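Observations on the model geometry
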Amino acid sequence: MNGFPLNYVTSEGTKAAAILPLTKGVTAISLAVILIVAALILAAIFRRRAVGGPHDLVQGTTPLHWIYIGTGVTVAILLGVLVWTMATVAAVVQPKDEPALSLDITGHQWWWEVRYLDQDHPSNIFNTANEIHIPVGKPIRINLHAADVIHSFWVPALSGKTDMIPGQVNTIWLQADRPGAYRGQCTEYCGKQHAHMGFTVIADEDQKFEAWRVAQVQGKTPQEDDPSAIADGRQAFKTHCGACHTVRGTAAGGIVGPDLTHVMSRSTIAAGTLPNAPGWFAGWIADPQHIKPGAKMPVLDISGPELHAVTTYLATLN
Amino acid sequence: MTRVFSAIAACGFALACAGCDSAHTAGPSDAREAMAAMSSLGCGTCHTIPGVTGADGKVGPSLEHIGSQIYIAGILRNNPENLQYWISHPQSVVPGNIMPDIPMSDASAAQIAAYLETLR
């Protein structure tokens, strides 16, 4: 699947690039401390008393000055790291340029709702899920919400983690410096399917992103000349799925689960759990509780032909 | 020192063999390719299929003994040609059943059918 592994020792974004030296520096200092302490412990273990009876190992001076040296060095290093950390945090708290795009991202058990905002053109606002497209090389503002419990938003290649807290909006920004697909993951334990709460950030060149955005804004209004298989599927979808899922332009307008208006444009289903391909999709709809036990999507009481009609209809939502 | 080395070697051997299970049952390369195809097509979301990692679906029948079944989908005699046809065109065999027509190459379908026929 896209963007694996969750690699936090390389960076593809402005913000992650600023944090990376700190990560590596602190890790190096920690390793040095471990080595020094381990060496001293080993020296203490193997150092023997002289033959001929017990007497003090240390002659002459008291060893107290080592305590002062050790504490002094530690405090100096910690203060240095503190200043370094604060300088790094200050450098990434705001983007240099005004964000090109604002998103509302809401953590749900166990998927991500993504709303593209547009202050000047409300007709450009739309919802999608689990796949976040952004233009490359531009800062993006993201307002983080939570619908139920605390989640945490993390795209290691682009930015650090930020919690999503019910009743509070945490605003972050991120920027991808290179086109690509970057895997993200919920990193605050949020219940049974926490591990299956993934997403992908897809950074595209301006033109490609704009084409995607324009396509996403469109609804899926029923057409007169739709084949009957698709019309049947739409009807079955409205009856069995529409209470939770939206397909814009149709009677299906539920807001419990992901907006499926353009579900076929996404590369994964079930929040990054399965590839979006016919076999996986059919299996997911038929038995979501086997794939993500505890997920809010139930095993539907639906006949075989109706279920087939629903999958046929969904395959047209590109 | 030799003892330490042989202990490490033993551990390494044990670890290396922890992943050997599938290698034992893999058999010839056709079977391995069939398993890989089923794995990437998502057959395991609906079916339990021996040899395919994670294929423990309960939506459709388990394929553990499909090689000894007399009929496929309750309608076709079970032979490699029919099984291959069913795998690639389930909707033309039983229209409206929930198994989708998954796009796949004829070669893949033939490999999958041949592998499934060995599950007796």
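So, here is what we can say about the structure in this document. (Residues numbered from 1 in each chain as written. Chains lettered and ligands numbered in written order. Predicted model: local features only at pLDDT ≥ 70, side-chain atom pairs only at ≥ 80, totals over all residues. Heavy atoms only, no water.)

Here's the deal with the sheet that holds strand 10 (residues 198-204) of chain A
The strands that make up a sheet pair up through hydrogen bonds in the backbone, lying either parallel or antiparallel. Residue and element names in this part refer to chain A. Inclusion rule: Should DSSP find at least two bridges between two strands, the strands are regarded as paired. A helix here means a DSSP run of H or I that spans at least four residues, while a strand means a run of E at least two residues long, and both kinds are numbered starting from the N terminus. Lines fitted to C-alpha atoms define the axes, with helix axes restricted to the stretch in contact, and inter-axis angles between N-to-C directions lie between 0 and 180 degrees.
Judged by pairing direction, the sheet is mixed, and its 5 strands sit side by side in the order 4-10-9-6-7 without closing on themselves. A single partner strand is all that each edge strand has here, and the edge strands are strand 4 (131-135) and strand 7 (162-164). Within the sheet, the average angular offset between the axes of one strand and its neighbour, ignoring direction, is 25 degrees. Of the strand pairs in this sheet, strand 4 and strand 10 are connected by 5 bridges, and their pairing is parallel. Residue pairing for strand 10: Ile-134 is matched across the bridge by Ala-203.

Thoughts on the sheet that holds strand 3 (residues 126-129) of chain A
Residues and elements named next belong to chain A. Overall, mixed pairing links the 5 strands, which are arranged 3-2-1-5-8 in an open sheet. Looking at the sheet topology across the chains shown, the edges are occupied by strand 3 and strand 8 (170-174). For this sheet the average axis-to-axis angle between neighbouring strands, irrespective of direction, equals 25 degrees. Relative to strand 5 (residues 140-146), strand 1 (residues 101-108) runs parallel, the two being bridged by 7 bridges. Bridge pairing links Gly-107 to Ala-146 in strand 5.

Some thoughts on the packing of aromatic side chains
Aromatic ring pairs are defined here through the distance separating the ring centres and the angle between the ring planes. Residue and element names in this part refer to chain A. The condition is simple: Two rings from Phe, Tyr or Trp (for Trp, the six-membered ring) form a pair when their centres are within 6.5 Å of each other. A pair whose planes differ by under 30 degrees is stacked, one over 60 is edge-to-face, and the rest are tilted. Whether a residue is buried, partly exposed or exposed follows from its accessible area with a 1.4 Å probe, protein chains only, as a fraction of its type maximum: under 20%, in between, or over 50%, in that order.
Going through the model one piece at a time under the given rule, you end up with 9 aromatic pairs over all chains. With centroids separated by 5.9 Å and ring planes inclined at 80 degrees, the aromatic side chains of Trp-112 and Phe-153 adopt a geometry described as edge-to-face. Of the two residues, Trp-112 sits in strand 2 (residues 111-116) while Phe-153 sits in strand 6 (residues 151-154), which places them 41 residues apart along the sequence. Grouping residues by exposure puts Trp-112 and Phe-153 together as buried. Consider the rings of Phe-153 and Phe-199, whose centres lie 4.9 Å apart with planes at 20 degrees: the pair is stacked. One end of the pair, Phe-153, is in strand 6; the other, Phe-199, is in strand 10, with 46 residues separating them in the sequence. Accessibility classification places Phe-153 together with Phe-199 in one group, the buried group.

A short note on a nonpolar patch on the surface
Rule in force here: Distance thresholds for patches are 9 Å for like charges and 5 Å for nonpolar side chains (Val, Leu, Ile, Met, Phe, Trp, Tyr), applied to residues having over 30% relative accessible area and no salt bridge. Areas reported as accessible are Shrake-Rupley estimates using a 1.4 Å probe. Residue values count occlusion only from the protein chains shown. By convention in these notes, a salt bridge is any Lys or Arg side-chain nitrogen within 4 Å of a carboxyl oxygen on Asp or Glu.
Taken together, A:Val33, A:Val37, A:Ile41, A:Leu42, A:Ile45 and A:Phe46 make up a surface patch of nonpolar side chains, about 580 Å² in accessible area. Secondary-structure assignment places A:Ile45 in helix 1 (residues 14-46).

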